[in-house]
Structures are given as C-alpha cells and as structure tokens.
Amino acid sequence: MTSTSSTSTGPTASDPLARIVASGVSPWLDDLSRARLRSGGLADLVRTAHVLGVTTNPTIFDKAIADGEAYDEQVAALAAEGADAEAAVRALTTDDVRTAADLFAQLLPDPRPGDARVSIEVDPRLAHDTEGTIEQARALWRLVDRPNVYIKIPATTEGLAAIPAVIAEGISVNATLIFSPDTYRAVANAYVDGLEQAHVAGVEVSTIASVASVFLSRIDAAVDPLLTEVGTEEALGLRGRTALAGARVSYEAFTEIFSSPRFTDLAAAGAHVQRPLWASTGTKNPDYPDTLYVDELVAPDVVNTMPEQTLRAAADHARVPEGDGPFDTVTPNVADAHAVLEAVVRVGVDYDGALADLERDGVSSFIASWENLLLTVADSLEQARAAGNGH
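Just so you know, these numbers come straight off a predicted model, no measurement behind them.

K.L.:
Explain empty space enclosed by the protein here, please?
P.N.:
The probe, sized like a water molecule, is rolled over the atoms to show the empty space still left. Following the criterion strictly, the structure yields 2 cavities of 30 Å³ or more and no others. When its volume is computed, the second largest cavity comes out at roughly 40 Å³. Lining of the second largest cavity is provided by Asn57, Pro58, Phe61, Arg90, Ile120, Glu121, Val122 and Trp370. For the lining of the second largest cavity, the secondary structure elements donating two or more residues are helix H5 (58–67) and strand S3 (117–121). Residues belonging to the lining of the second largest cavity are distributed by class as follows: 5 nonpolar, 1 polar and 2 charged.

K.L.:
Sorry if this is basic, but what is going on with the pairing of strand S5 (residues 173–178) here?
P.N.:
Successive residues of a regular strand alternate their side chains across the two faces of the sheet. Burial analysis of S5 places 6 of its 6 residues in the buried class, which makes it a mostly covered element. The pairing of strand S4 (residues 149–154) with S5 spans 4 bridges and is parallel. By the bridge assignment, Ile153 is partnered in S5 with Ala175. Between S4 and its parallel partner S5, the chain crosses via helix H9 (residues 157–168), and the hand of that crossover is right-handed. With 4 bridges connecting them, S5 and strand S6 (residues 210–215) associate as parallel partners. Across the sheet, Ile178 pairs through a bridge with Val214, a residue of S6. As for the winding sense of the linkage, the β-α-β connection from S5 through helix H10 (residues 181–200) to S6 is right-handed.

K.L.:
Where do I start with the confidence of the model for the protein in this structure?
P.N.:
Reading fine detail from the predicted coordinates is not recommended where pLDDT is low. Residue-level pLDDT values for the protein average 94, and 96% of them are 70 or greater. This model gives residues 1–12 a pLDDT under 50, and the stretch forms 29 contacts once residues within four places in sequence are excluded.

What counts and how
- Residues numbered from 1 in each chain as written.
- Predicted model: local features only at pLDDT ≥ 70, side-chain atom pairs only at ≥ 80, totals over all residues.
- Heavy atoms only, no water.
- 1 Å grid on protein atoms, 1.4 Å probe; cavity = no way out; pocket = protein on both sides within 12 Å on 5 of 7 lines; lining within 4 Å.
- Points joined across faces, edges and corners; volume = space filled by probe spheres on them.
- Helix = DSSP H or I, 4+ residues; strand = E, 2+ residues; numbered from the N terminus.
- Nonpolar A, V, L, I, M, F, W, Y, C, P; charged D, E, K, R; others polar.
- Buried < 20%, exposed > 50% of the residue type's maximum accessible area, 1.4 Å probe, protein only.
- Pairing = 2+ DSSP bridges.
- Right-handed = clockwise from strand over helix to strand, strands pointing away.
- pLDDT = per-residue confidence, 0-100.
- Contact = heavy atoms within 4.5 Å.

This is the structure in structure tokens:
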C-alpha cells in the first residue's frame, strides 16, 4: 500500500482537500436530509469543504426521515391529501433531491461536467427487474425535473441491462453497488452502449453524465476476516489492501475504455467520460487511517463520496505528498494492485464469491431500509390523520 508524505508546507498543508481537488478528484457528500438543507449545513460544506455533489441511498433517507421533525409539516399535508406511504416517500425524497439540486446550481453555476449533482435511487426492490428499473428511472427523472440529478441503478445483472436503455433516453445515471473490477468494466461498457444508442437517436450526448460507484470499505470488512482465517504471513499482509487494489484495477479499465476509438468518436460529439466514484469510504476498521480510501485513490477524473466524518478528516489531515502540483496515488500502483488480487486468490480466499455476497447483501440492506422507511412514513401518515380528525 502506497504511503504518501504529510510534510508539505504552505496553503496545501492546511487544506489538503484543495490539493486533492486540484489533482482531479471531486469530493461529494454521502448524506442528505431536510435538516441539513434548512440549516445551511450543505451550503456551508459546498463553500468551505470543496463538496461538489451529493449521494443518497435508502438507508440515508430512512435515517433522515425517521430521526427528524423537518418532514412533519409535509407529512401532515400528504396525509390530508390521502397519500399512501409509497407516494409520500417519493414526495419527501424527491423534494429533498430537487432542493439540493437547485442549491448546487446556485452555488456551483459552472461545474466540471458531472459535478454539482444529486443522486436518487430507484426502488431497491426493483434490483432484479430490468423493465421496472427503466420505468422508474424515467419516472424519477421526470418527477425531480432537474438536469443535475443522477438516477441510481444497482449494477446487478438486471440493472446492467437497464443502464444502456436509460442512458439512451438522455437520463444521467449513477451505477451503484459495484464491488468487482469485472462489474465496473461491464458498467462502463453499458454506459458507452447507451451513449451510442443516444447518438444514433439524435439525443444530445453532451447533456448526459454518469458515474460508476465502486464500494470500498465493505470489501475489506468482508475479505480481511477471510485472510485472517487463512493465517499465513502472506495472507495477513494482504489485509486492508483488497479494496484499494480492486479500485485501482477498475481505474485501469476506466482509462482503457475511455481512451478507446469507440469512445473518442463519441467524445468528438460532446460525450463525457463516466467517472469512477469511490463509495463506502468511511473506514470500518479502526486500525486503518480514517482517510485511507481518500489518500490512496487520488487520480484524475474520479469522484470520492464521503460521509461528513470522513470529509472532515480528509480536510484536516488527508495525506498529500510534498510540493504544490497534482499527484496520483492510483496509476503508479496498478501493477501492484493486480499482484494483490492475484495473491488474495492464491492464498485461498474466494474473492469472486465474497464480492458476489457483498452485492447480494447490499441489495438486501437497501431493500430493508426502504421497507423500514415505508413503515415509518405509513405510521407518520396515520398519526397525522388521527391528529387531523381530533383523535
């Protein structure tokens, strides 16, 4: 694992995120709530912490709506209108996304392509339903009605089939729950497929943007115990390196696919690359640096979405090398990344099986959060109706 120096001096030492941004990374916040929007907390992070976008997921919305009173007034209005839980959840979440999208448009009027955007996920229960995913992506795109939104589609087999169809219609996509370099490559190719279809259909490809969300800390949390179980010196030395290696190999695929003649023809028509997005960047192992998945994955044309705790840590003490110019902690380490993944398999870990389990568990976790959110909102609607009837 590469170690970079933190001994630089001057403005970049006091603001390492500025140096990371100058190196081609877009920091995004992996969180959204109405309280954060109303308090000005999100605007403050945009102004002071280099935040250039927001990601959400069902778990984030479940926590925001369950824990906050900021939604009570709208819930009461929805109850009076006779909305059911499904409709209410969509109204609550899309209103937040629309407000955040407007905020970014105001604060970042001339962003780099694909930044100043907010992601919202299709119902995770559609993760294995291609047609249902396509239909809901269209519906969410119309409902939010902002050009700077991403519709999140999980990179399941069925989601991969939906991505080109959605892109072809001019809808920007955040392909999510990517755990393996093979899945990353499939997602990137699906995006290019969709761009080609859009171009043939006369859709303006310069309006389409996309990111591919590669999850990180969950991989090490799953693979490290398997390496510990193997117990050899080589296996123990691989702990904490698997997620970074997979991300670096994925970035290698990114540079290959988006420098190919197939894509450069599209780029000539105005198409943008689909940037890798590093997700699940809060370290789960307290023995690892809290900025591990920031420090070690700096490269041009990537997004790093962070929970606020990780964002604050990166702003305070992310490790940057000496000097003032851009730096790259990915490309010089690609050969080592391949060696790490080969070693993980060689010592006896079922790497592909572990990643398949993570994808399945990720979908299941988001479904559970979504269903819990529906129950929370249904209960709130019922309470609001009872209060309105004087009970």
